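# Working through the structure, step by step
Chain by chain, the residues:
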Amino acid sequence: MNVAVYSRKILKHEVPFFKTFFKQIEDLHWKPIIEANFYQQLKSQIGLKDGYETFDSFTDFLTGIDLAISIGGDGTFLKCVSYVRSSGVPILGINTGRLGFLADTNTSEITRTLERISKQDYAFQERSLIRVETEENIFGDHNLALNELAVHKKDTASMITVEAYLGGKYLNSYWADGLLVGTPTGSTAYSLSCGGPIISPGCAVHFLTPIAAHNLNVRPVVVPDHIPITLKAVGRDRNFLLTLDSLSKPVKNGTEITLYKSDFMINVVKFSENDFFKTIREKMLWGIDQRNE
C-alpha cells in the first residue's frame, strides 16, 4: 500500500514517535511517500535515509496513493486536505496537538491504529467542502475550504458591513468585525468561538456566523448547502481579508464572493468507537458535571 505522510514540524519530544511510526510502516511493508519539506526535517532530525518518494502538489495524488496520513493538529489536517482534494484518497488524522476535532487517533495509539488500517477495520466519513469564486479568481486552484471562509476587516479597528445573499435573494447586512460561512466540519472551528451552532458532519447545510456583530439581534443562520451564497464586503478600508481555512488573501472593497458546495467530498478515516458526539463530549468536557457520574 502506498501511504502519503504529511506533517508540518517535528518537535523534540516527538522524535521517538516518528521513529516508531516509520519503523512500523516498514514492518507492514507499506511504501511511504513523504511531503517534500517534511522529508527534509525527517532526514535531519530522526536520520531517515535517502531514497523515499516525495510529493509537493495535489496532482501527485491523482494516481498511485492509497491513504494519506496527517500527523499534527487540525491545521495540519486542513493542509493535507489541500493536497488530497478530489483524488478520493482517504485521510487518517493522528493528533499531536491540544484539541483536534478532525484527527481520529493520537500518537499513543499509533501501533494499534496502523494494525487496524492494515486489517481494514475502519470506515470512511464523508466531509463536504466549500468552493469559492471571485471575479479575479484570487485563490486560483486553491479555492476550497473544509472548515470555512472568513471575511475580515484588515487594516483598522472599524467594523465592516458584509451583505449576504442566498440564491440571489437578500438575506442580511452584517455590521461586524467579519462573517464566517462554513461547512458542518467548520462548525467546531472558528465559528464555535463566535457562538455558532455545532453541526453533525452528515448534515447537508452551510452556516453563516457573524464575528462580533454590532447588532445583538443578529444570530448565526443555518441554510441548505445546495443554495449558492454571495457576499460583498464594504467599509472604510480599501481592502479586506478573505481567508479559506488557513490561506488568506486581500480583496478589494466591494468584491463579490460566491460560495458553492464542492462537487466532491473528502473521505476521513473513522473508527467505530469514535463517533462525532463522543468526540464532542470528550473535547468540550461535557461529561465533567458530577451529576453525570
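Residues numbered from 1 in each chain as written. Predicted model: local features only at pLDDT ≥ 70, side-chain atom pairs only at ≥ 80, totals over all residues. Heavy atoms only, no water.

Core analysis: the largest hydrophobic core is formed by 26 residues, its most contacted members being F18, F21, F22, L42 and I69. For this core, the elements supplying multiple residues, two or more each, are β1 (2-7), α1 (15-27), α2 (36-45), β4 (67-72), β5 (91-95) and α4 (110-118). Those residues within four positions of F22 in sequence are excluded, and the remaining contacts are V5, P32, I34, L42, I46 and L48. Membership of the second largest hydrophobic core comes to 25 residues, among which are V132, F139, L149 and V251. (Core = buried A, V, L, I, M, F, W, Y, C linked by side-chain atoms within 4.5 Å. Buried < 20%, exposed > 50% of the residue type's maximum accessible area, 1.4 Å probe, protein only. Helix = DSSP H or I, 4+ residues; strand = E, 2+ residues; numbered from the N terminus. Contact = heavy atoms within 4.5 Å.)

Once that is clear, we can look at the pairing of strand β8 (residues 130-134). Across the two faces of β8 the burial differs, with I130, V132 and T134 buried and R131 and E133 not buried at all. In this sheet, strand β9 (residues 144-145) lies alongside β8 in antiparallel orientation, the contact comprising two bridges. Within the sheet, the bridge partner assigned to R131 lies in β9 and is L144. Strand direction decides the pairing type here: β8 and strand β19 (residues 256-261), joined by five bridges, are antiparallel. Each residue of the ladder has a partner; that of T134, found in β19, is I257. (Pairing = 2+ DSSP bridges.)

Moving on: the packing of aromatic side chains. The final tally for this structure, using the stated rule, is twelve aromatic pairs. Taken together, a centroid distance of 5.1 Å and an interplanar angle of 85° make the contact between F55 and Y83 edge-to-face. Separated by 28 residues along the polypeptide, F55 in strand β3 (residues 53-55) and Y83 in helix α3 (residues 74-84) bring together distant segments of the chain. Among the residues examined, F55 registers a relative accessible area of 2% and is labelled buried. For Y83, a relative accessible area of 9% translates into the label buried. One aromatic cluster in this structure is built from F17, F18, F21, F22 and F38. The ring centre of Y39 lies 4.9 Å from the NZ or CZ of K43, which sits over that ring. For R85, the ring lying beneath its charged end belongs to F58, and the centroid distance is 4.3 Å. (Phe/Tyr/Trp six-rings, centres within 6.5 Å; stacked < 30°, edge-to-face > 60°. Lys NZ or Arg CZ within 6 Å of the ring centre and 35° of its normal.)

Time to look at the pairing of strand β20 (residues 266-270). Each regular strand carries side chains that alternate between the two faces of the sheet. Counting buried positions over the five residues of β20 gives five, a clear majority of the element. Of the two faces of β20, both are covered, the one formed by I266, V268 and K270 as well as the one formed by N267 and V269. Bridging between strand β7 (residues 123-127) and β20 involves five bridges; their strand directions are antiparallel. In the sheet register, R127 faces β20, and the bridge partner there is I266.

For the pair α1 and α4, the least separation of the axes is 10 Å and the interaxial angle reads 25°. The orientation of α1 with respect to α4, classified from their angle, is roughly parallel. Judged by the twist between their axes, the crossing of α1 over α4 is right-handed. Contacts between α1 and α4 involve F17, F21, Q24 and I25 from the former and I110, T111, L114 and E115 from the latter. (Axes fitted to C-alpha atoms, helices over the stretch in contact; angles between N-to-C directions. Parallel < 35°, antiparallel > 145°, perpendicular 65-115°, else oblique. Left-handed = near helix turned anticlockwise from the far one by under 90°.)

Looking now at the sheet that holds strand β10 (residues 148-152). Strands sit in the order β15-β14-β13-β10-β17-β18 across an open sheet of six strands; the sheet is antiparallel. The open sheet has two edge strands with one neighbour each: β15 (221-224) and β18 (247-252). Across this sheet, the average inter-strand angle for adjacent strands is 20°, counted without regard to direction.

What is shown is where atoms sit, not what they do.
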